[in-house]
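Tertiary structure, described
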Amino acid sequence: MKTVMFSDYAVIAPRDGKLCLMFRVGDVRKSQIVDASIRMQLFRTWKTSEERHIPFYQEDLKVCYDWRNPENDFRNQLFLLLPMVIIHVIGENSPLYTLTPKELKESECEVVVVLDGIVEHTGMNTQPKTSYTSDEILWGYDFHDVIDRNCVENGQYYVDFSKFNDLSKIELPSCSPKEFYAGQTSIML
């Protein structure tokens, strides 16, 4: 039985005007994972300036759970009490910055995610992992809320894991993040 759940899909959606690559992670065990951290890496093909073909080029993707201040506040340490959405803000330094949704689909890239932590009950290290291929990264979708605020009992929230993979289609232009940000700037002027 899996005790750590990862969403079936990663999504690209805005958070306060910033395009973000996101996935959901949750721990269903009774004891917690402590000292948890998460890493995300992008694997793709790369052609060097010398025309050399690198089939499995690997790049770190900065991850956080607070998109509001990504330049100063990238955090990969997690307090995994409730399911949470992990975010890669697609900014100028992101390898996804210039890719359109079509180019992303055709890129045959894969995003690999590794959670590292210690199982509180046993003291043993755990490293559940997952990956998202370009077909499993959905542009213009966002996650449904899994926390039912109407079912608070004894100060505890109810998490509906049956909604863990539920998504909604959202309005999002079919352009690269670079073009998306340029469009926002022209709207503000």
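Residues numbered from 1 in each chain as written. Predicted model: local features only at pLDDT ≥ 70, side-chain atom pairs only at ≥ 80, totals over all residues. Heavy atoms only, no water.

The name that an unreviewed UniProt entry assigns to the protein chain is ATP-sensitive inward rectifier potassium channel 8, with the source organism given as Acropora cervicornis. Per UniProt, the comment on the protein chain under Sequence similarities (unreviewed entry) is "Belongs to the inward rectifier-type potassium channel (TC 1.A.2.1) family." Turning to the protein chain, the UniProt record has this under Subcellular location (unreviewed entry): "Membrane". (UniProt positions renumbered as here; feature names shortened; annotations may be inferred.)

**Brief notes about the environment of Pro173**
Structurally, Pro173 is set in the loop between strand S15 (167-169) and helix H2 (177-188). For Pro173, a relative accessible area of 43% gives the class partly exposed. Along the chain, Pro173 and Trp139 lie 34 residues apart, while their C-alpha atoms are 9.3 Å from each other. Residue contacts for Pro173: discarding those within four places in its chain leaves Trp139 and Phe180. (Helix = DSSP H or I, 4+ residues; strand = E, 2+ residues; numbered from the N terminus. Buried < 20%, exposed > 50% of the residue type's maximum accessible area, 1.4 Å probe, protein only. Contact = heavy atoms within 4.5 Å.)

**A short note on the packing of aromatic side chains**
Aromatic ring pairs are described here by two measures, namely the spacing of the ring centres and the angle between the planes. Counting across every chain of the model gives 6 aromatic pairs. Arranged with centres 6.4 Å apart and planes meeting at 45 degrees, the rings of Phe6 and Phe23 form a pair that is tilted. Of this pair, Phe6 sits in strand S1 (residues 4-6) while Phe23 sits in strand S3 (residues 18-27), placing them 17 residues apart in sequence. The exposure classification of Phe6 matches that of Phe23, with both residues buried. Here the aromatic residues Phe6, Phe23 and Tyr132 are joined through ring pairs into a cluster of three or more. (Phe/Tyr/Trp six-rings, centres within 6.5 Å; stacked < 30°, edge-to-face > 60°.)

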